[in-house]
Amino acid sequence: MGAPKLLIGGEWVSSLEKAVIVNPYDQTVVAEVPVAGAELVERALQAAAQAKEEMARLPAHRRTEILLHAARLVAERKEELAATITRETGKTIRYSRQEVDRSIFTLRLCAEEAGRVTGQEVRLDRVPGAENRMGFVIRQPVGVVLCITPFNAPFNLICLKAGPAIAAGNAVIVKPAPQAPLTALMLGEILLEAGLPPRAVNIVYGGADVGRQLVADPRVNFIAFTGSARAGQEIARTAGFKKLMLELGSNAGVYVHTDARLEKAIPRLVQGAFATTGQACISTQRIYVHESLFAAFLEGFLPAVSRLTVGDPMDPATDIGPMIDQAAAERVEAWIREAEAGGAQVLVGGKRSGVMVWPTVLTNVRPHLRVVCEEVFGPVVSVVPVGSLEDGLERINDSPYGLQAGVFTESIDVAFRAARALYVGGVMVNDSSKFRVDNMPFGGVKSSGMGRESPADCVELMTEKKLLVFTLG
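Note that the structure is predicted; figures quoted are calculated from it, not measured.

Q: Outline the pattern of salt bridges, supporting the account with residue identities and numerical values.
A: For the structure on display, the rule yields 30 salt bridges. With its nearest N and O atoms 3.0 Å apart, the salt bridge here joins Asp101 to Lys78. With Asp101 in helix H4 (residues 93-114) and Lys78 in helix H3 (residues 78-89), this residue pair connects regions lying 23 residues apart in the sequence. The exposure class of Asp101 is partly exposed, given its relative accessible area of 37%. Between Glu410 and Lys264 there is a salt bridge, and its shortest N-O distance comes to 3.7 Å.

Q: Would you mind going over the nonpolar core in detail, with residue names and values included?
A: Leu6 and Ile223 are the most contacted members of the largest nonpolar core, which has 85 residues in total. For Ile223, the contacting residues outside a window of four places in its chain are Leu146, Val215, Ile235, Ala239, Lys242, Lys243, Leu244 and Met245. Ala180, Ala344, Phe377 and Ala405 belong to the second-largest nonpolar core, a separate cluster that totals 34 residues.

Q: If you had to explain the sheet that holds strand S14 (residues 345-348) to someone new, which residues and values would you point to?
A: Strand order in this open sheet of seven strands is S14-S17-S18-S13-S12-S20-S21, and the pairing throughout is mixed. Taken across any chain shown, the strands that pair with only one partner, and hence form the sheet edges, are S14 and strand S21 (426-429). When the angles between neighbouring strand axes are averaged without regard to direction, this sheet yields 25°. In this sheet, strand S17 (residues 360-363) lies alongside S14 in antiparallel orientation, the contact comprising three bridges. Each bridged residue has a counterpart across the sheet, and for Val346 the counterpart in S17 is Leu362. Lying over the sheet, helix H9 (residues 262-274) contacts strand S12 (253-256), strand S13 (286-290), S17, strand S18 (380-386) and strand S20 (404-408), oriented at roughly 160° with respect to S20.

Q: Tell me what's going on with helix H13 (residues 389-397), and back it up with residues and numbers.
A: Those residues of H13 that sit buried are Leu389, Gly392, Leu393 and Ile396. Down the axis of H13, the buried side of the element spans an arc of 95°, and every buried residue falls inside it.

Q: Residues and numbers for the pairing of strand S8 (residues 171-175), please.
A: Counting buried positions over the five residues of S8 gives five, a clear majority of the element. Burial along S8 is two-sided: Ala171, Ile173 and Lys175 and Val172 and Val174, pointing in opposite directions, are all buried. Pairing between strand S7 (residues 144-148) and S8: five bridges, direction parallel. Across the sheet, residue Val144 finds its bridge partner in S8, namely Ala171. This β-α-β element, S7 to helix H5 (residues 156-167) to S8, shows right-handed connectivity. One ladder, built from three bridges, connects S8 with strand S9 (residues 201-203); its direction is parallel. Its bridge partner being in S9, Ile173 is matched across the sheet by Asn202. Read as a crossover between parallel neighbours, the route from S8 over helix H6 (residues 182-193) to S9 is right-handed.

Q: Describe a nonpolar patch on the surface, with residues and values.
A: A cluster of nonpolar side chains, contributed by Met134, Phe470 and Leu472, occupies part of the molecular surface with about 260 Å² of accessible area. Among the secondary structure elements, Leu472 is positioned in the segment after strand S24 (463-471). Owing to a relative accessible area of 40%, Leu472 belongs among the partly exposed residues under this scheme.

Q: Go over the environment of Ser250 with me, naming the residues and quoting the values.
A: With respect to the helices, strands and loops of the structure, Ser250 is situated in the loop between strand S11 (243-247) and S12. For the pair Ser250 and Phe377, spaced 127 residues apart in sequence, the C-alpha to C-alpha distance is 8.8 Å. Apart from the residues lying within four places of it in its own chain, the contact partners of Ser250 are Cys281, Gln285, Glu375, Tyr401, Leu403 and Ser448.

Q: Run through helix H8 (residues 229-239), naming residues and quoting values.
A: Within the sequence span of H8, burial applies to Ala229, Gly232, Ile235 and Ala239. The buried residues of H8 all sit within an arc of 115° when viewed along its axis, so they share a single face. Away from its buried face by more than 90 degrees, H8 exposes Arg230 and Arg237. In this structure, the buried side of H8 is in contact with S7, helix H7 (208-216), strand S10 (222-226), S11 and strand S19 (401-402).

Q: Tell me what's going on with the sheet that holds S24, and back it up with residues and numbers.
A: One open sheet accounts for three strands, arranged S5-S6-S24; its pairing is antiparallel. Sheet topology places strand S5 (120-122) and S24 at the edges, where each strand pairs with a single neighbour. Taking each pair of neighbouring strands and ignoring which way they run, the sheet shows an average axis angle of 30°. Looking at chain direction, strand S6 (residues 133-141) and S24 are connected through nine bridges and run antiparallel. Paired with Phe136 across the strands is Leu468, a residue of S24.

About the criteria used
- Residues numbered from 1 in each chain as written.
- Predicted model: local features only at pLDDT ≥ 70, side-chain atom pairs only at ≥ 80, totals over all residues.
- Heavy atoms only, no water.
- Salt bridge = Lys/Arg side-chain N within 4 Å of Asp/Glu carboxyl O.
- Helix = DSSP H or I, 4+ residues; strand = E, 2+ residues; numbered from the N terminus.
- Buried < 20%, exposed > 50% of the residue type's maximum accessible area, 1.4 Å probe, protein only.
- Core = buried A, V, L, I, M, F, W, Y, C linked by side-chain atoms within 4.5 Å.
- Contact = heavy atoms within 4.5 Å.
- Pairing = 2+ DSSP bridges.
- Axes fitted to C-alpha atoms, helices over the stretch in contact; angles between N-to-C directions.
- Arc of directions from axis to C-beta.
- Right-handed = clockwise from strand over helix to strand, strands pointing away.
- Patch = residues over 30% accessible without salt bridge, like charges linked within 9 Å, V, L, I, M, F, W, Y side chains within 5 Å.
- Areas by Shrake-Rupley, 256 points an atom, 1.4 Å probe, with all protein chains shown as cover.

Function-wise, these values are silent; they only describe arrangement.
Here's what the structure looks like:
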């Protein structure tokens, strides 16, 4: 793509104000992106509102064709998209390529769901006096869907929101993360090339003022947001009477039981804690290991963490890239130092150089420390011995969050006891909290949000049920 422009009402537009997108790893300028002022945001709102009737009339087979075409175009541009993700976020190229592959799958799933928007018959004759009436429920698009996405999966998380919105017959406005707008603009190009009506997708860029204007506007009917719990709460306060899907933060916990196979648990927990530099809402942040296995677990886990390669995210051999910016890296380092001052012991890592934070393993952590009770969103994990299954599950539940958790065990009884006891949106048995594929009904409880994010669940949420009753004779 050439110089980045915003997509508004089917046109590529610019503005006088520009934001500089910087590669987190080497601080080189990646691009200058126009910032949308209030007037451009208003134009995007008008375009989406005008497009919603056209989208509602678009037949299911056309929506399917458009999304499948978009998936093919993403596949053709895989390397370009992956390199862009890495340049604007610092995500390692290996994980950026995986994200693009996930996005292809996501768009294909959305294409399938476009043909599954169906209603049902309501048997009104169950009630005396209604024998000559027939009832039907049909599902119609909500209208305009606003998608607000974070930096850590800047392409796939837009596909997971805009894709179902299109499948359901809605118009879309996308506000990408301030750090990572380029792949969002590339998706706009792809959707237009795939045949989406031009005004049906609008991509605006800016800060909190742009977000507030969009969230508060009555022409927006549905808000799909991924980000921090604080930002989600602010959206809920500002949105007014709108449907919301909020996928928020977590400090995910995993329990390793007495019968766990460590050769299975250790590599999955290394990946769960440190993939994408720990910058994921379901990254494993707390590992509770039964005391009978604690020494053996550390004996295998610590060397595996120490072998992770820290460096240039464009190098396919790199496991750990930079944090998104200097402030994030400094915050994570400060939390590590705070933990040490509170009695924690650093077993591996614990150091920072610029935006690079080395993968860090802590023990002897107290429950009140921020590395335990808040969301680190960085390459830090705490490993804690516990005396029983009940203790481990209680520790995992001792959190304001409840997104995903994991349990390692060879016992079906233990697995079901954990699944019933853990107050989270998803329990991964014999895997880390970070396992996710995009047809899962993904989401959380407590401060981790509301709603479930999969193409099928989103299409359901992004449609309204309408009752039709026919009186016969």
